[in-house]
Amino acid sequence: MARQTNSARPDPAQRPAPSAQSLFRFMLADAEAAEALQKATAKYNALLWLQDGPNVKRIRQAATAEELLDLIPLTDGLARLAWLDRARGLGAEALSAIASRLRNVKNLRDEEARRLVADRLISALRWQGAAGAQALLDGFDDLDSFGRSLAAVALGLLAAPAAADRLWAFYQEAVRTPAETDFVGALWGLTDLGDPRVGDALADLLATGRDFYELYGLLALAGNGRVILPLAARLTDLPEEDRADPLMALIAIGHRLGREALVVELAAGESPQDAVADETADLILARPADWPIQYFDLFFHGFNPQVAEEMLR
């Protein structure tokens, strides 16, 4: 692909929000992330107990996996967190029932109901290890685009390398629908799998000005050398108050590439008389490597108690 040295600039005033796919991943990054959100939600939404308390009680009292799965339609608000907490504890004996229901989600005519059921079943499979990953792969083509986007997230978290080509094909399909964020699920899955194709996908999105909430965080996680010059250009073109995201992504990628490769990328945009690539690389690498990790904490670690509480205030 041709090197991109200039890119369309997003309008900073149009600040996007996290996609459903990212919120899904932040919650399911690990058991601690899910527990942090559950505790924070309980603390800051005490009034919800009046509304959701009876459903929470039914979920906690469910005696079998089938009974718990039957309660999925009731899992709004606090009941959702209670259900997810129980789902994390389901054993291998529940796998067949979960997988069977996932294959039948397509038969639900109501889109909202279909999304809710897919979300909960995929959430449950996320904790079923390699067998859960296989169930997601087996049912992947039976899901609609939204369902596949969540399945892609879960497959990445489950470290299922056999899913990579399926996720890449889904990404290429989903990214052609600008109004939806389903492609973000595929990006998450590919990023968590360490698939190198995600670096070029992110470079193309940056080059075409496809701005979305996750862009810079994902670049910090998986961006490659192709984005060095476009990110550096944004530091020049954007107002000072809007430079933190691209700067942190640039620092993360610079440390990942190493000085030699970083200098090569920076020098590709210079005229012979400039020759400041070495100096610029040193400026980037002088910033601590853990800055981007702290700045994009949600992307690197999912929900923690402090972040969860801040988002719910």
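Rules used in this analysis
- Residue positions are given per chain, counted from 1 along the sequence in the order it is written.
- With the structure being a predicted model, the display of local features is reserved for residues of pLDDT at least 70 and the display and counting of side-chain atom pairs for 80 or more, all residues being used for whole-chain, interface and lining totals.
- Computation of side-chain values: all heavy atoms of the structure, hydrogens and water removed.
- Only runs of H or I of at least four residues qualify as helices and only runs of E of at least two qualify as strands under DSSP, and these elements are numbered from the N terminus.
- Classification of residues uses two cut-offs on accessible area relative to the type maximum, computed with a 1.4 Å probe and protein chains only: under 20% is buried, over 50% is exposed, and between them is partly exposed.
- Whether two residues are in contact is decided by their heavy atoms, any of which lying within 4.5 Å being enough.
- The Shrake-Rupley method, run with a 1.4 Å probe, gives the accessible areas here. Residue values count only the displayed protein chains as cover.
- Polar contacts here mean pairs of N or O atoms no more than 3.5 Å apart (in protein, one a potential hydrogen donor and the other a potential acceptor; neighbouring residues in sequence count only if both atoms are side-chain atoms).
- The nonpolar core is taken to be a set of buried Ala, Val, Leu, Ile, Met, Phe, Trp, Tyr and Cys residues, with the residues joined through side-chain atoms within 4.5 Å.
- Here a pair means two rings of Phe, Tyr or Trp (six-membered ring of Trp) with centres within 6.5 Å. Their orientation is stacked below 30 degrees between planes, edge-to-face above 60, and tilted elsewhere.
- Charges are assigned to positions over rings by a cutoff of 6 Å between ring centre and Lys NZ or Arg CZ, combined with an angular limit of 35 degrees from the ring normal.
- Multiplying 1.5 Å by the helix residue count minus one yields the expected span of that helix.
- By definition here, a salt bridge exists when the distance from a side-chain nitrogen of Lys or Arg to a carboxyl oxygen of Asp or Glu is within 4 Å.
- A residue's pLDDT is simply how confident the predictor is in it, with values from 0 to 100.
- Here an angle of 0 to 180 degrees is reported between the N-to-C directions of two axes, which are lines fitted to C-alpha atoms, with helices fitted over the stretch in contact.
- For classification purposes, angles smaller than 35 degrees are called roughly parallel, those larger than 145 roughly antiparallel, those between 65 and 115 roughly perpendicular, and all remaining angles oblique.
- Each crossing is labelled by how the near helix is turned from the far one, with a counterclockwise turn of less than a right angle marking it left-handed and a clockwise turn marking it right-handed.
- Here the term charged refers only to Asp, Glu, Lys and Arg, the term nonpolar to Ala, Val, Leu, Ile, Met, Phe, Trp, Tyr, Cys and Pro, and the term polar to all other amino acids, Gly among them.

**Digging into the overall build of the chain**
Of regular secondary structure, the chain possesses 20 helices and zero strands. When burial is assessed residue by residue, the chain has 49% of its 313 residues classed as buried. Contacts in the chain between residues at least 24 apart in sequence constitute 70% of all its contacts with a sequence separation of at least 6. When the accessible surface of the chain is summed, it comes to about 14,700 Å², and 51% of that surface belongs to carbon and sulfur atoms.

**A short note on the side chain of Ser-19**
Note that Ser-19 resides in the segment before helix H1 (20-28). With relative accessibility at 5%, the residue Ser-19 sits in the buried group. In this structure the side chain of Ser-19 is engaged in a polar contact, spanning 3.1 Å, whose partner is the backbone nitrogen of Ser-22.

**Quick notes on the nonpolar core**
As a rule of thumb, nonpolar side chains are buried together in soluble globular proteins. In this structure, Ile-122, Tyr-171, Leu-187 and Leu-219 are the most contacted members of the largest nonpolar core, which totals 98 residues. Considering each element in turn, this core owes the most residues, eight residues, to helix H9 (residues 145-157). Residue contacts for Leu-187: discarding those within four places in its chain leaves Tyr-171, Val-198, Ala-201, Leu-202, Leu-205, Phe-212 and Leu-218.

**Focus on the packing of aromatic side chains**
Where two aromatic rings form a pair, the distance of their centres and the angle of their planes describe that pair. Here the structure, examined in full by the defined rule, presents nine aromatic pairs. Where Phe-140 meets Phe-170, the ring centres are 6.0 Å apart and the plane angle is 85 degrees; that geometry is what we call edge-to-face. Of this pair, Phe-140 sits in the loop between helix H8 (129-139) and H9 while Phe-170 sits in helix H10 (residues 164-174), and the two are 30 residues apart along the sequence. Considered together, Phe-140 and Phe-170 belong to a single accessibility category, that of buried residues. Considering the side-chain rings of Tyr-295 and Phe-296, the 4.8 Å spacing of their centres and the 85 degrees angle between planes classify their relative orientation as edge-to-face. By way of ring pairs, the aromatic residues Phe-26, Trp-188, Tyr-213, Tyr-295, Phe-296 and Phe-299 are connected into one cluster. In this arrangement the basic side chain of Arg-115 is found over the ring face of Phe-146, its NZ or CZ atom lying 4.1 Å from the centre. Sitting above the plane of the Trp-127 ring, Arg-126 keeps its charged end 4.2 Å from the centroid.

**Here we look at the environment of Ala-36**
Position of Ala-36 relative to the elements: it lies in helix H2 (residues 31-44). Assessed through its relative accessible area of 7%, Ala-36 is described here as buried. In this structure the C-alpha to C-alpha distance between Ala-36 and Asn-304, which are 268 residues apart in sequence, comes to 5.4 Å.

**Topic: helix H7 (residues 111-125)**
Here H7 contains 15 residues, and its C-alpha end-to-end distance of 21 Å stays within 8% of the 21 Å for a straight helix at 1.5 Å per residue. Within H7, 11 of the 15 residues are buried, which leaves the element mostly enclosed by the surrounding structure. Looking at H7, one finds that the buried residues are Arg-114, Leu-116, Val-117, Ala-118, Asp-119, Arg-120, Leu-121, Ile-122, Ser-123, Ala-124 and Leu-125. The opening residue of H7 is Asp-110, an N-cap whose side-chain oxygen sits 3.3 Å from the backbone nitrogen of Glu-112.

**A short note on the pattern of salt bridges**
Overall, the coordinates contain 17 salt bridges when judged by the stated rule. Among the ionic pairs, Arg-197 bridges to Asp-165, the shortest N-O distance being 3.0 Å. Of this pair, Arg-197 sits in helix H12 (residues 197-207) while Asp-165 sits in helix H10; the two residues are 32 residues apart in sequence, bridging distant segments of the chain. Beyond isolated ion pairs, a larger network of salt bridges with shared partners links Glu-66, Asp-70 and Arg-101.

**Comments concerning unusual backbone geometry**
Peptide bonds are mostly trans, and most non-glycine residues show a negative phi. If you check the backbone angles, Ala-159 has positive phi at about 55 degrees while not being a glycine. By the element assignment, Ala-159 lies in the loop between H9 and H10. Judged by relative accessible area, which is 52%, Ala-159 ranks as exposed.

**Here's the deal with the confidence of the model for the chain**
Model confidence for the chain is summarised by a mean pLDDT of 89, while 87% of its residues fall at 70 or above. Note on residues 1-13: pLDDT under 50 across the span, and 32 contacts to partners over four residues away in sequence or across chains.

**A word on the packing of helix H14 (residues 228-237) against helix H15 (residues 244-257)**
Between H14 and H15, the shortest axis-to-axis distance is 9 Å and the interhelical angle comes to 150 degrees. Regarding the angle of H14 to H15, the classification is roughly antiparallel. For H14 against H15, the interelement crossing comes out left-handed. Between H14 and H15, the residues in contact are Ile-228, Leu-231, Ala-232, Arg-234 and Leu-235 and Pro-246, Leu-247, Ala-249, Leu-250, Ile-253 and Leu-257, respectively. Class assignment of the residues belonging to the contact of H14 with H15 gives a composition of 10 nonpolar, no polar and one charged.

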